[in-house]
Amino acid sequence: MGYKNFFKRLIDIIVAALALVGVAPIIGLVTLILYKQNNGKPFFLQERPGKNKKPFNIIKFKTMTDEKDAEGNLLPDNLRITKFGGWVRKLSIDELPQLINVLKGEMSLVGPRPLLFKYMPLYTAEQLRRHEVRPGITGWAQVNGRNSISWTQKFALDVEYVDKVSLILDCKILLLTVKKVLVREGINQSEERPMQPFNGTN
């Protein structure tokens, strides 16, 4: 019963449960505001690949409208983010509902961020190793540049985490995450210039 196979999951359950209790007032208030703002839809659910590529629905606060262009396609993300939604994102509050994913065993507090299924065919065999562990609310790539580094660098950091996962590393990542949220480090993508989608080479 090593850390990776047992104690990490136990810590996830305990910390996520305590965190949900602690942030319940914030979650409740934001849910009410977004429920009214988004016509009864405060949450955004999307299928993502989890551990061993098993699909699950990630839960986030819905920070964007469903506005579409003349052809019926959704407008770019930066044009659909609401004013309140932008504030929720800047404070990383939109990630809080993922604590539910953690309790359900679909995610971990720390691990590679769960991306879209459409990226799966673009990964190299090495990059696919990021799915050997549960995806996380935060991760090694997020505290080492976040949106200021390339996708290739992110995936390399994800695989490095898979190889080095430990209690000490997880604690370090969580502490660095708190610091980066507070001082807004590692983000060079503005709402006008969002992070570009992964195309297999970038």
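One can find the structure itself at the top, above this paragraph.
Report on the accompanying structure. As the structure is a computational prediction, the values presented were derived from the model and not from experiment.

Parameters and conventions
Residues numbered from 1 in each chain as written. Predicted model: local features only at pLDDT ≥ 70, side-chain atom pairs only at ≥ 80, totals over all residues. Heavy atoms only, no water. Buried < 20%, exposed > 50% of the residue type's maximum accessible area, 1.4 Å probe, protein only. Helix = DSSP H or I, 4+ residues; strand = E, 2+ residues; numbered from the N terminus. Expected span 1.5 Å × (residues − 1). Arc of directions from axis to C-beta. Contact = heavy atoms within 4.5 Å.

Our next topic: unusual backbone geometry. Here Lys53, not a glycine, exhibits a phi torsion of approximately 65°, which is positive. Despite not being glycine, Ser92 shows a phi value in the positive range, around 60°. Accessibility expressed as a relative area gives 13% for Ser92, which makes it buried.

Every α-helix winds through 3.6 residues per turn, so residues three or four apart in the chain are directed the same way. With 17 residues, helix H7 (residues 167–183) extends 25 Å between its outermost C-alpha atoms, agreeing within 8% with the 24 Å of an ideal straight helix rising 1.5 Å per residue. Listing the buried residues of H7 in full gives Leu169, Asp170, Ile173, Thr177 and Lys180. Buried residues of H7, seen end-on, are gathered within an arc of 95° and therefore sit on one face of the element. Away from its buried face, by an angle of more than 90 degrees, H7 presents the exposed residues Ile168, Leu175 and Leu182. Buried residues in H7 make contact with helix H1 (3–22), strand S3 (108–110), strand S4 (136–138) and helix H6 (151–164).

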